[in-house]
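# Residue-level structure breakdown
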Amino acid sequence: MKRLLKISNNTTLVLCVISIAGLIFTNVFFIMLRNMIIEMGDVESFMDKFSVPVASVYIIFTLFHLSALLTLILQLNFFKRDNFLRSFLFFTGITSLMMLFGDSALSSDISKEYVFGLPDEFYILFLSQALHFVFYVLMIVLLVSTGKSVGKEKEEIVLKDDSIFINAQYIGILSGASGLILVSVFSFMYSTLYPLPLWAAKAGIIITSLIAVIPYVLIVFYWFIIKLKERTGEWYDEKQYQDITKASLVTLIASIIVMTAVFLIQYYVSEFDFITLTWFPFYIFLVLLLFSSSTLYFSKRAAN
Amino acid sequence: MKLKNDLRRCRFENNEMSQQELANAVGVTRLTIHSIEKGKFNPSVTLALKIARYFNKPLEEVFYLEKY
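Every residue gets a number counted from 1 within its own chain, in the order that chain's sequence is written. Chains and ligands are labelled sequentially in the order written, the chains with letters from A and the ligands with numbers from 1. Only residues with pLDDT of at least 70 get local features here, since the model is predicted, and only at 80 or more are side-chain atom pairs given and counted; chain-wide, interface and lining totals rely on the full set of residues. Excluded from the side-chain calculation are hydrogens and water; included are all heavy atoms of the structure.

## Describing the interface of chain A and chain B
Throughout, a residue-residue contact means that at least one pair of heavy atoms, one from each residue, lies within 4.5 Å. Between chain A and chain B, the residue contacts involve 19 residues of the former and 16 residues of the latter. Here a polar contact means two N or O atoms within 3.5 Å. Within protein one must be a hydrogen donor candidate and the other an acceptor candidate, and residues neighboring in sequence count only if both atoms are side-chain atoms. At the boundary of chain A and chain B, one finds five residue pairs in polar contact (both at pLDDT 80 or more). Of all elements in the fold, only α7 (238-268) and α8 (275-303) of chain A reach the threshold of two or more residues within the side of chain A that touches chain B. Looking at the side of chain A that touches chain B residue by residue, the class counts come to six nonpolar, four polar and nine charged. The helix count covers DSSP runs of H or I at least four residues long, the strand count covers runs of E at least two residues long, and both are numbered beginning at the N terminus. Basically, the charged four are Asp, Glu, Lys and Arg, the nonpolar ten are Ala, Val, Leu, Ile, Met, Phe, Trp, Tyr, Cys and Pro, and anything else, Gly included, counts as polar.

## Quick notes on the domain arrangement of chain A
Residue and element names in this part refer to chain A. Domain annotation of chain A identifies domain 1 (1-158) and domain 2 (160-304). The partner domain 2 presents 21 residues to the 18 residues of domain 1 that form the contact. Buried area: the sum, over both parts, of the accessible surface (1.4 Å probe) that disappears when the two are put together. In terms of surface lost to domain 2, no three residues of domain 1 exceed Leu76, Asp82 and Phe91, which account for 35% of the buried area on that side. Whenever a carboxyl oxygen of Asp or Glu lies within 4 Å of a side-chain nitrogen of Lys or Arg, that contact is scored as a salt bridge. Scanning the region where domain 1 abuts domain 2 turns up zero salt bridges. For the pair domain 1 and domain 2, the number of links is two residue pairs in polar contact (both at pLDDT 80 or more). Counting only elements with at least two residues in the side of domain 1 that touches domain 2, the list comes to α2 (43-78) and α3 (84-113). Its residues assigned to classes, the side of domain 1 that touches domain 2 shows 11 nonpolar, four polar and three charged. Start and end points for every domain follow an automatic or database-based domain assignment.

## Here we look at α7 of chain A
To estimate the expected span of a helix, count its residues, drop one, and scale the result by 1.5 Å. Between its first and last C-alpha atoms α7 of chain A spans 45 Å; for 31 residues at 1.5 Å apiece the expected length is 45 Å, and the two agree. By the burial criterion, the buried members of α7 of chain A are Lys239, Gln240, Asp243, Ile244, Ala247, Thr251, Ala254, Ser255, Val262 and Gln266 of chain A. Type-normalised accessible area, obtained with a 1.4 Å probe on protein chains alone, sets the label of each residue: buried when under 20%, exposed when over 50%, and partly exposed for intermediate values.

## With respect to unusual backbone geometry
Even without glycine at this site, Glu16 of chain B takes up a positive phi of about 50 degrees. By the secondary structure assignment, Glu16 of chain B is in the loop between α1 (7-13) and α2 (19-26).

## Structural notes on a positive patch on the surface
A residue counts toward a patch only above 30% relative accessible area and without a salt bridge, and it is joined to like-charged neighbours within 9 Å or, for Val, Leu, Ile, Met, Phe, Trp and Tyr, to nonpolar neighbours within 5 Å. Areas reported here follow the Shrake-Rupley algorithm with a probe of radius 1.4 Å; residue values treat only the protein chains shown as occluding. For this count, His and the chain ends are skipped, Lys and Arg are scored as positive, and Asp and Glu as negative. Charge placement uses NZ in Lys and CZ in Arg. For Asp and Glu, CG and CD serve respectively. A cluster of like positive charges, contributed by Lys246 and Arg301 of chain A together with Lys2, Lys38 and Lys40 of chain B, occupies part of the molecular surface. Checked against the element boundaries, Arg301 of chain A lands in helix α8. We classify Arg301 of chain A as partly exposed; its relative accessible area is 41%.

## Structural notes on the environment of Ser111 of chain A
As for its placement among the helices and strands, Ser111 of chain A is situated in helix α3. Considered as a pair, Ser111 of chain A and Met47 of chain A are 64 residues apart in the sequence and their alpha carbons are 8.3 Å apart.

## Quick word on the nonpolar core
Working definition of a nonpolar core: buried Ala, Val, Leu, Ile, Met, Phe, Trp, Tyr and Cys residues. They are joined through side-chain atoms within 4.5 Å. Grouped together as the largest cluster of nonpolar side chains are 54 residues, with contacts concentrated most on Leu33, Phe64, Met139 and Ile219 of chain A. Of all elements in the fold, only α1 (2-38), α2, α3, α4 (121-152), α5 (163-192), α6 (198-227), α7 and α8 of chain A reach the threshold of two or more residues within this core. The residues that make up this core include at least three from each of domain 1 (1-158) and domain 2 (160-304) of chain A. Ranked by size, the runner-up nonpolar core spans 17 residues in total, among them Ile36, Phe41, Leu47 and Phe55 of chain B.

Now the structure itself:
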């Protein structure tokens, strides 16, 4: 396990450094493309010239993301203490990987729409580049900091793991909070500032919701795979049962209060009518955020 | 009345075993053992008996009610 983790750490580190160089290259390309569209230059030949190098860099990005996610899973198994940075990177790694495919779709839209002026897709594209950048830089920080401790760490036998349980709560908080923010901002903006056809708004909400929720689904799936070897009654130990029971009660009461407040605001303030479109993802992310944060609070309160 | 315990002393008398080793022996997580030791979680009767049996001691020697 130690050897495999060391190999995976080093491979990811090399790919990460190459990817940062690639990210600088693709950003220079996108900035030059944006300027060329503004100046009404020969966009088509410019895109043809750079399409192969940019696609090659994106293949390296994809390899790096897959290698980074494998390393993170190995680290989750190896290190028996929870670590927020590791959970944060698992979350940003998956969203960043999905945004690689998003970048491709956005570039395709830009190539079709530039004749009508500067496409708005550039804003999302640069936001996506910022997400990649954050992931790459923090991944280097994690790899360098854990690279030293892999050798020193004792391989402890752990029959009932609590680090996956805690890490899943961290990811639940990140998924819940980002989902609430994305769905609220997206639907509010598009129903007031940039009115869109209903189908487009619905598609946007579904895509943003999926991007936010998939990291949580994957970590729960991973936890489920680990638990398959145990009987269902042993999936949690008795303290974890107590923590999730308390967290469920907090979630029930808090979600009723918040949803009542949202209903009243929507009823009396017409600008908040957007909630009719988003009540389901809004409720899901609210419950996810409340449940994960209260479970984490009860688990950590006993540990301090 | 608060439930107190001598878990820490028992562990040290038992070859200075770690919280993780005790957790493995009685089938719970390390965090649960840590919380019991700190008095922030009261174990079930079953778990308390498992722990006492593991140390080969009567239950009252490991867990007891705080005296006023």
